[in-house]
Amino acid sequence: MRAILFKGCKPEVAAGPDGRILVVGPGARSAAGHDAEVVELDGRVLPGLHDAHLHLEWLALSSLTIDLQDVPSRHQALSRIRAWSDKLPAGAWVVGRGWYNDAWRDDPSWPRPEELDAAAGGRPAILTRKDGHSAWLSNAAIAAAGLRYEDQDPQGTVKETMVEAVRRFVPAPSEAAFDKGMLSALRAL
């Protein structure tokens, strides 16, 4: 493999055989060397950097949780939670994120645990708010985490460090569930 010289443009660019940029501007021709592959260009060129990584484990885990982003109303959020919960085995936690009561058209007040109890079928549920600083809990989740009334503000909602404190009680997905999530993530990719 040879270096590449992008010539005739402003600025000229020299890239190594591995694709890394060697020099931009004056000195690109000499950095590329006399045996460089030459690509003739015209006009202005802006070399770019490309980061092509992703967190595949997070993507797999996200398919195992309910997504409430862009749900425009409390009623629709509860309907989506109910539909998600109906597919879960008995006793499974309902885990998700993305709700944002400030944008709910029908009722922007803070959600209540009783609403989540009904939608989640009495299961423990933790749904992280869009901003990541708060979580909406069902009464079963409140009991599982051993929370007191003063830990919640308002009732059924925890904030900041209490969100992580409750997450410790959420069981990790089984290996089979994680494999299912990974397969779903890979198919999506």
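Residues numbered from 1 in each chain as written. Predicted model: local features only at pLDDT ≥ 70, side-chain atom pairs only at ≥ 80, totals over all residues. Heavy atoms only, no water.

(A) A look at the layout of surface pockets. Estimates place the volume of the largest pocket at around 1,200 Å³. What lines the largest pocket is a set of 30 residues, and nearest its centre among them are Leu61, Leu64, Thr65, Val95 and Pro173. Elements with a minimum of two residues in the lining of the largest pocket: α2 (56-62), β5 (66-67), β6 (94-99), β7 (125-129) and α7 (175-188). For the lining of the largest pocket, the leading source of residues is α7, giving four residues. Of the residues belonging to the lining of the largest pocket, the class tally is 16 nonpolar, nine polar and five charged. (1 Å grid on protein atoms, 1.4 Å probe; cavity = no way out; pocket = protein on both sides within 12 Å on 5 of 7 lines; lining within 4 Å. Points joined across faces, edges and corners; volume = space filled by probe spheres on them. Helix = DSSP H or I, 4+ residues; strand = E, 2+ residues; numbered from the N terminus. Nonpolar A, V, L, I, M, F, W, Y, C, P; charged D, E, K, R; others polar.)

(B) Local environment of unusual backbone geometry. In the segment running from Lys10 into Pro11, the intervening peptide bond is cis, with an omega of -10 degrees. Relative to the helices and strands, Pro11 is located in the loop between β1 (4-10) and β2 (13-15). The linkage connecting Asp153 with the following residue, Pro154, adopts the cis geometry, with an omega of -5 degrees. Looking at the secondary structure, you find Pro154 in the loop between α5 (139-145) and β9 (157-159). In this structure, Asp70 takes a positive phi of about 65 degrees despite not being glycine. Despite not being glycine, Glu160 has its phi angle at roughly 50 degrees, a positive value. Mapping Glu160 onto the fold places it in the loop between β9 and α6 (161-167).

(C) Focus on the sheet that holds strand β8 (residues 134-137). If you trace the five strands from one edge of the open sheet to the other, you get β5-β6-β7-β8-β9, paired in mixed fashion. Since the sheet does not close on itself, it has two edges, and those belong to β5 and β9, each with one partner. Pairing geometry for β5 and β6, over two bridges, is parallel. Within β6, the position partnered with Ile66 by the bridge is Gly96. (Pairing = 2+ DSSP bridges.)

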